[in-house]
Every structure is written in structure tokens, then in C-alpha cells.
Amino acid sequence: MKNPPCSGPNSRKRRLIVNADDFGFTRGVNRAVERCFTRGTVRSASLMAGGSAFEDAARLARSLPGLGVGAHLVLTGLRAVSEPGSLPGLADSRGFLPPSPGALIERLLRFPDARASVFRELNAQLSRIVDAGIRPTHLDSHKHVHILPPVLRSVTDLARKYSVRWIRNPFEVENAGSLLRGVAPSHRKAFWKQHVKSLVARVFRPGFMGHVGTTGLRLPDRFHGVSLTGLWNEEAALHTIGRLSPGLNEWMFHPGEADEELHRTGTRLTTQREVEMNLLCSSRLKEALEQAGMELTHFGEVKD
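Residues numbered from 1 in each chain as written. Predicted model: local features only at pLDDT ≥ 70, side-chain atom pairs only at ≥ 80, totals over all residues. Heavy atoms only, no water.

K.L.:
I would appreciate a short explanation of unusual backbone geometry in the present structure.
P.N.:
Note on backbone geometry: most residues besides glycine have negative phi, and most peptide bonds are trans. The phi dihedral of Asp22 falls on the positive side, at around 70 degrees, and the residue is not glycine. Looking at the element boundaries, Asp22 is found in strand E1 (residues 14-23). The phi angle at His144 is positive, at roughly 60 degrees, despite the residue not being glycine. Mapped onto the elements, His144 comes out in the loop between strand E4 (138-141) and helix H5 (149-161). (Helix = DSSP H or I, 4+ residues; strand = E, 2+ residues; numbered from the N terminus.)

K.L.:
Explain the nonpolar core to me, please; I cannot follow it from the model alone.
P.N.:
It is characteristic of soluble globular proteins that their nonpolar side chains tend to be buried jointly. Grouped together as the largest cluster of nonpolar side chains are 84 residues, with contacts concentrated most on Phe23, Leu67, Leu139, Val151 and Ile167. Not counting the four nearest positions on each side in its chain, Ile167 is found in contact with Leu139, Leu152, Val155, Thr156, Phe208, Val212, Leu217, Arg218, Leu219 and Pro220. Counting residues in hydrophobic clusters, the runner-up holds five residues, among them Ile17, Trp166, Phe299 and Val302. (Core = buried A, V, L, I, M, F, W, Y, C linked by side-chain atoms within 4.5 Å. Buried < 20%, exposed > 50% of the residue type's maximum accessible area, 1.4 Å probe, protein only. Contact = heavy atoms within 4.5 Å.)

K.L.:
What exactly am I supposed to notice about the packing of helix H1 (residues 27-38) against helix H2 (residues 54-63) here?
P.N.:
Angle between the axes and distance between the axes: these two values describe a pair of packed helices. Where H1 meets H2, the closest approach of the two axes is 9 Å, and the angle between their N-to-C directions is 15 degrees. The pairing of H1 with H2 is recorded here as roughly parallel in orientation. Judged by the twist between their axes, the crossing of H1 over H2 is right-handed. Counting all contacts with H1, which are made through Arg27, Asn30 and Glu34, the residues of H2 involved are Asp56, Ala57 and Leu60. Of the residues belonging to the contact of H1 with H2, the class tally is two nonpolar, one polar and three charged. (Axes fitted to C-alpha atoms, helices over the stretch in contact; angles between N-to-C directions. Parallel < 35°, antiparallel > 145°, perpendicular 65-115°, else oblique. Left-handed = near helix turned anticlockwise from the far one by under 90°. Nonpolar A, V, L, I, M, F, W, Y, C, P; charged D, E, K, R; others polar.)

K.L.:
Before we go on, may I ask you to explain the packing of aromatic side chains in this structure?
P.N.:
The description of two aromatic rings rests on the distance between their centres and on the angle between their planes. Scanning all chains against the criterion turns up six aromatic pairs. Ring centres of Phe171 and Phe208 lie 5.1 Å apart, and the angle between their planes is 80 degrees; on these two criteria the pair is classed as edge-to-face. You can see Phe171 sitting in the loop between strand E5 (166-167) and helix H6 (176-180) and its partner Phe208 sitting in helix H8 (residues 205-213), a full 37 residues away along the chain. Residue class for Phe171 comes out buried when judged on its relative accessible area of 3%. An angle of 45 degrees between the planes, with centres 4.9 Å apart, marks the rings of Trp251 and Phe253 as tilted. (Phe/Tyr/Trp six-rings, centres within 6.5 Å; stacked < 30°, edge-to-face > 60°.)

None of the figures reported here should be taken as evidence of function without further support.
So, in C-alpha cells, the structure goes:
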């Protein structure tokens, strides 16, 4: 199925948005995003309104006008931005969101109030970002849960409410053979687990594209980074650059500093965040992108 329109007559340019997810998660993640922007290839970041270091990230975002900052909408794993008790069917009495995408799906199916609560919580997250003086360049979601139809409808409604033109195209369409190159043998079990999840997610793609196509919102042509989340190294990154096609590509990373604060969060991505931070700042990566003729940009710079 053809994507909703991307970037008009210039869509055959080779353009790349290198996006840092989880901005606002911890102060070490924030420092890494700043470093990857000022010294590396990151031009875009997705801000978590419910992250413990949100205020620090918002301050940094306001000080880095060339960094495009979108909203990383969260419906799993963190405490909700909304008041405890205000999200029936979605959050527990202490205000904690479902622990996983599977648990989120279960609540959406079991509780009639959950869908309205999804809209209420995502609206609260966007309101917090806008109130901090940031105009979101795009919307995406933690664990890509906006592939789910009830969540997608809330996301597209809120994109229009807040005049956001772009949302993430979360479907990775590359085959396993091309993605496996550069993956260390010790990481191949993790790769296959993630790749199978990306294949399962494609079930939602026709409905996703059909809905977005009715809204006037924009999607990048291609998305990279799902199967290799937490597995990036220089060889895999250089191989990916060789596969980037004309049009607008988004490449997802999770840079960060593996400090004590990060380890306390319980995230599975710890030392790998430092690997990605160093990779994104490496001269080899920048040289490879220049040689490939890739134009680095962010969602706010892409014009029709």
C-alpha cells in the first residue's frame, strides 16, 4: 500500500532524519542527545513528557534551536502525566500506565473507558510539552503503540489539534537477510526476536496507512531501526547507510549515558545507549553519510 504523501516534488531527494528517542528519560540521555546534536548526526529528538528529566530536556531543547523536537507519546511503562484516578481502564490507582504493549492491548479490549483515557493522557502529555515552550515537529510513540487503531485515532486527532504535520511511519519493511549483516553472532537471538515482532506489526500497516491517508498528515517514506534496536555497531550502521533510498528516511536511535540514574529505571537499554551515542558522533558515520549524499534534516524543516 502506498504511503500518504511525503514531501511533494522534492521527495526523490535522499534525505535522512536521525532521531534520538527517549529525550527526557534521564539527564544522561539528555546530555547524550545534546552531544549527538552538537558533535554528531542527530537533528531530531522525541521528548517524553512523563520522563523524570523532562524539565532538563525542555531547557536543553529551548537552547538548541536547530534541533527538531517532537513528542514521544508514552502509554506503557511510566507513570501517567494525568492525575492518578483520572484514567479509568488505562492507569492504576497510583497513576502507573500498563507495563507493556500487550497489557495495553488487554486493557483496551477489556475496559470501555480505556480509549477515552488514552486520548486524555496523550493530550496531557502534548499540553505539557507545548506549555514548556516547545512546538512539536512530529509525533511518535514509545514501543510504537500508535500502530494500534484506537491509539492511532487519538494520535491523529491530537496531531490536528496541536497543528503537528508529521507522525512516525513505524513499519520496518526490510528483509531479515539485509538487516542481519553487521549483527554480531552473540546478538542474533535478540535480532530475531525483534524482527519477528516487526513482521507481526505489519498486520496493522494497511489500516494504519488507510487511516492516515484520510487525515492529511505526513509520514516519512521509510523507517529504520526496529529490528536492530539495542544492537547497533559501526558495521551495521554503515550497511544501513548503503541501503537508504531516495525520499525521506527516518532512522531511530537511543543514545544515552549509562549512569546510575539510567540503571535505576530498569530499562533494558543501558550500555548500548553509550555505544549508540559514540556511533552517532563518530567521524566515520558522518563521512559515510556525506559520501552517500544524504541530506540531514528534521521534520520541522521538511517542506512541501
